[in-house]
Amino acid sequence: MPLSDHVLFPTTIAGSLPKPSWLAEPNKLWAPWRLEGDELQTAKDDATLLALKLQEDAGIDIVADGEQARQHFVHGFLEAVEGIDFGRRVEMGIRNNRYKAMCPTVTGPLRLRGRVHAQEARLARAHTRRKLKLTLPGPMTIVDTIADAHYGDRVKMAMAFAALLNEEARGLAADGVDVIQFDEPAFNVYMDEAAGWGIEALHRAIDGVAATSVVHICYGYGIPANIAWKATLGGEWRQYEKFFPALARSRIDQVSVECINSHVPLSVLKLLDGKDVQIGAIDVATDDVETPEQVAAVIGQVAEYVPKERIIAGTNCGMAPMHRDIAAKKLEALAKGAALAREKFG
């Protein structure tokens with residue numbers, strides 16, 4: 001059943017929001033925590049509630065925890081996994097050598113020490129009546145962000161991580177989370193693999209999960225390495241069309257994609273026939289705040305290729321490195337733009 005049954009063009013975010021300066025260093029990815037122990041946990045809880053309030057005040061329909069309790073969208077999950085040595089870091093070229101990162105190493109069989117995001121999921125569920133979304137890293141993106149000294153095979157390791165993601169996703173659904181999104185920026189880099197074992201791994205991750213499933217695929221945060229990479233992709237970004245037909249046949253409920261200020265031909269969205277599509281109508285690579293008219297225009301353009309009742313309006317990617325006041329204004333523009341689109345196209 002489409003998420004948009006009750007509200008036309010419902011709004012949501014791709015995942016992260018900026019952290020308060022008292023929790024972590026602002027305007028920075030991988031920002032170090034400013035507290036520790038019990039004080040850090042309390043601060044994470046406070047920041048989660050603040051993120052919910054920010055979204056509700058802006059008029060966002062499907063709210064999220066803003067990833068306030070994790071330092072990074074991948075490593076926030078990996079920290080709860082046994083079989084990974086964080087002291088054994090290896091410099092790796094990730095996203096097909098787009099940039100280098102110091103990555104921990106898988107040294108043995110993988111298993112969860114316990115629940116990963118139960119604290120923020122239960123806290124958020126208790127403090128909002130709106131639909132609630134939480135994000136997890138996708139299996140392909142995880143294996144592209146970690147060194148392997150145990151499995152010796154990317155697909156085998158991806159399936160091992162998918163089993164752990166499934167365990168956590170089942171827990172999140174039991175906590176009352178309505179929407180579980182798997183972030184797979186690696187899909188845009190390894191297109192052929194994405195259409196094959198990438199989707200197979202997602203199927204393992206959502207097996208038996210009683211929540212709406214989403215895969216988020218974009219061209220990355222608005223950081224210099226990603227901006228430079230996008231400049232090499234030419235006048236049309238056609239990566240999506242290589243695996244969209246496979247996604248359309250998949251058991252994933254919804255696909256989240258980058259649209260505004262990108263060179264993605266919106267006609268490729270026709271390849272997602274039968275899926276709800278979360279479209280990026282807010283650019284996270286600029287501090288310029290969109291107008292409601294600009295947001296509505298993107299929704300109108302997408303409506304030429306996707307049924308209106310299947311469109312969800314969102315952000316291109318996470319907003320973690322952004323200034324908090326700018327992020328708040330962009331959320332307001334998103335909600336107002338969707339309301340304007342309802343008037344124009346509803």
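Below is a short write-up of the structure.

Reading guide: rules and limits
- Residues numbered from 1 in each chain as written.
- Predicted model: local features only at pLDDT ≥ 70, side-chain atom pairs only at ≥ 80, totals over all residues.
- Heavy atoms only, no water.
- Salt bridge = Lys/Arg side-chain N within 4 Å of Asp/Glu carboxyl O.
- Helix = DSSP H or I, 4+ residues; strand = E, 2+ residues; numbered from the N terminus.
- Core = buried A, V, L, I, M, F, W, Y, C linked by side-chain atoms within 4.5 Å.
- Buried < 20%, exposed > 50% of the residue type's maximum accessible area, 1.4 Å probe, protein only.
- Contact = heavy atoms within 4.5 Å.
- Pairing = 2+ DSSP bridges.
- Bend = angle between axes of the 7 residues up to and from the residue.
- Axes fitted to C-alpha atoms, helices over the stretch in contact; angles between N-to-C directions.
- Expected span 1.5 Å × (residues − 1).
- 1 Å grid on protein atoms, 1.4 Å probe; cavity = no way out; pocket = protein on both sides within 12 Å on 5 of 7 lines; lining within 4 Å.
- Points joined across faces, edges and corners; volume = space filled by probe spheres on them.
- Nonpolar A, V, L, I, M, F, W, Y, C, P; charged D, E, K, R; others polar.

Here's the deal with the pattern of salt bridges
Applying the stated criterion across every chain, the model contains 16 salt bridges. Across the pair aspartate 61 and arginine 342 runs a salt bridge whose closest N-O atoms are separated by 3.6 Å. Of this pair, aspartate 61 sits in the loop between helix H1 (37-58) and strand S1 (62-64) while arginine 342 is found in helix H10 (residues 324-345), placing the two residues 281 residues apart along the sequence. Close ionic contact of glutamate 236 with arginine 238 constitutes a salt bridge, the shortest N to O distance being 2.5 Å.

So, the nonpolar core
Counting residues in each nonpolar core, the largest one holds 103 residues, and the members touching the most others are Phe77, Leu110, Phe161, Phe244 and Leu269. Of all the elements, helix H5 (residues 154-174) adds the most residues to this core, at ten residues. If we skip the residues at most four places from it in the chain, phenylalanine 161 touches Leu78, Val81, Ile84, Val106, Leu110, Ile142, Val143 and Ile146. Met92, Ile94, Ala101 and Ala147 belong to the second largest nonpolar core, which has five residues in total.

Quick look at the pairing of strand S2 (residues 81-94)
For S2 and strand S3 (residues 99-112), the ladder comprises nine bridges, and the chain directions are antiparallel. For glutamate 91, the partnering residue across the bridge sits in S3 and is methionine 102. A loop of four residues connects S2 with S3, the two strands running antiparallel in sequence, and arginine 95 in this loop sits at a positive phi of about 55°.

A short note on helix H6 (residues 191-206)
The principal kink in H6, of about 40°, is found at tryptophan 197. Its buried side turned inward, H6 meets helix H4 (139-143), H5, strand S6 (179-183), strand S7 (212-217) and helix H8 (244-249). Once H6 finishes, glycine 208 follows within two positions and takes phi at roughly 70°, a positive value.

Points about the sheet that holds S6
Strand order in the open sheet formed by seven strands is S1-S4-S6-S7-S8-S9-S10, and the pairing between neighbours is parallel. Each edge of the sheet is formed by a strand with only one pairing partner; in this case those strands are S1 and strand S10 (311-314). Across the sheet, the mean angle separating the axes of adjacent strands is 30° when strand polarity is ignored. Where S6 and S7 come together, five bridges link them in parallel fashion. The partner of glutamine 181 across the bridge, within S7, is valine 214. In the packing of helix H9 (residues 292-302) onto the sheet, contacts are made with strand S9 (276-280) and S10, and the angle to S9 comes to roughly 145°.

Focus on the sheet that holds S3
What the three strands build is an open sheet, ordered S2-S3-S5; its pairing is mixed. Both edges of this open sheet fall to S2 and strand S5 (147-148), since each of them pairs with a single strand only. Two strands pair when backbone bridges link them, and S3 and S5 are joined in this way by two bridges, in the parallel orientation. Residue valine 106 lies in a different strand from S5, and its bridge partner there is aspartate 148.

As for H1
An ideal rise of 1.5 Å per residue puts 32 Å on 22 residues; H1 measures up with 32 Å between its terminal C-alpha atoms. Every buried residue of H1 is accounted for by Leu40, Ala43, Lys44, Asp45, Ala47, Thr48, Ala51, Leu52, Gln55 and Ala58. In the core, the buried residues of H1 are packed alongside S1, helix H3 (118-127), strand S4 (131-137) and H10. Positive phi appears at glycine 59, one or two residues downstream of H1, with a value of about 95°.

A closer look at empty space enclosed by the protein
Applying the stated rule across the entire model yields two cavities of 30 Å³ or more. One number sums up the size of the largest cavity: a volume of about 170 Å³. Forming the boundary of the largest cavity are 20 residues, of which Lys19, Lys28, Leu29, Gln71 and Ala320 lie nearest the centre. Of the residues belonging to the lining of the largest cavity, the class tally is eleven nonpolar, four polar and five charged. The volume enclosed by the second largest cavity comes to roughly 80 Å³. In this structure, the second largest cavity is lined by Leu17, Pro18, Pro20, Ala47, Leu50, Ala51, Leu54, Gln68, Arg324 and Ala327. Those elements that place two or more of their residues in the lining of the second largest cavity are H1 and H10.

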